[in-house]
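# Structural overview for review
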Amino acid sequence: MLIGCASRSENVAATYVSPIAYQSYSCPQIRSEAARVSSRAATLAGAQDSKASNDAVATGVAVVLFWPATFLIKGDGASAAELARLKGEMEAIERASVEKRCGVEFRRS
């Protein structure tokens, strides 16, 4: 029954994004893109964690009290896919930053 539950944001794996996409960017452009991607990823991570918590509650209710509550379990969806893509972009931006010596690094929790 837990298979359909949404994943916590830290458990969403990054999708590969090539750093070649950022090869033509200057360091200021890389910093700007890093800020944009990081901000969107943080927003989605919060939404994904909220989904995971709601699914966990619905699962608990379904198991203990009321099996139709299983229909409230949403699982991973578009937000998890976008979060995975953004994590991949963050890795690609970081690699491009290293190659250009821009000093952009993302904190990992």
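Preceding block: the structure.
The model shown is predicted, which means the values in this text are computed figures rather than measured ones. Each chain carries its own residue numbering, running from 1 in the direction its sequence is written. pLDDT decides what is reported in this predicted model: residues at 70 or higher carry local features, side-chain atom pairs at 80 or more are listed and counted, and totals for whole chains, interfaces and linings draw on all residues regardless. With hydrogens and water set aside, each side-chain value is computed from the structure's full complement of heavy atoms.

Considering soluble globular proteins, one finds that nonpolar side chains tend to be buried as a cluster. Ile30, Ile93, Val104 and Phe106 are the most contacted members of the largest nonpolar core, which has 19 residues in total. For this core, the element with the most residues is helix H2 (residues 78-100), which contributes eight residues. The contact criterion used throughout is that any non-hydrogen atoms of two residues lie within 4.5 Å. Among all residues touching Val104, those that are not within four sequence positions of it are Ile30, Arg31, Ala34, Ile93, Glu94 and Ser97. What makes a nonpolar core is a set of buried Ala, Val, Leu, Ile, Met, Phe, Trp, Tyr and Cys residues whose side-chain atoms join them at distances within 4.5 Å. Note on exposure labels: buried denotes an accessible area under 20% of the residue type's maximum, exposed denotes more than 50%, and partly exposed covers the range between, all computed with a 1.4 Å probe on protein chains only. A run of H or I in DSSP counts as a helix once it spans at least four residues, and a run of E counts as a strand once it spans at least two, with each numbered from the N terminus.

Moving on to unusual backbone geometry. Despite not being glycine, Arg101 shows a phi value in the positive range, around 60°. What makes Arg101 exposed here is its relative accessible area of 77%.

Within the fold, Glu89 resides in helix H2. Since its relative accessible area comes to 9%, Glu89 is described here as buried. Here Tyr22 takes part through its side chain, which lies 3.2 Å from a polar atom of the side chain of Glu89. N or O atoms closer than or at 3.5 Å make up a polar contact, with two conditions inside protein: a donor-capable atom paired with an acceptor-capable one, and, for residues adjacent in sequence, both atoms drawn from side chains.

What follows deals with the packing of aromatic side chains. Where two aromatic rings form a pair, the distance of their centres and the angle of their planes describe that pair. Side-chain rings of Phe, Tyr and Trp (the six-membered ring for Trp) are treated as a pair once their centres are within 6.5 Å; stacked means planes under 30 degrees apart, edge-to-face means over 60, and tilted covers the remaining angles. Within this structure, the stated rule accounts for one aromatic pair. Here Tyr22 and Tyr25 contribute two aromatic rings whose centre-to-centre distance is 5.2 Å and whose plane-to-plane angle is 80°, an arrangement assigned as edge-to-face. For Tyr22, a relative accessible area of 5% gives the class buried.

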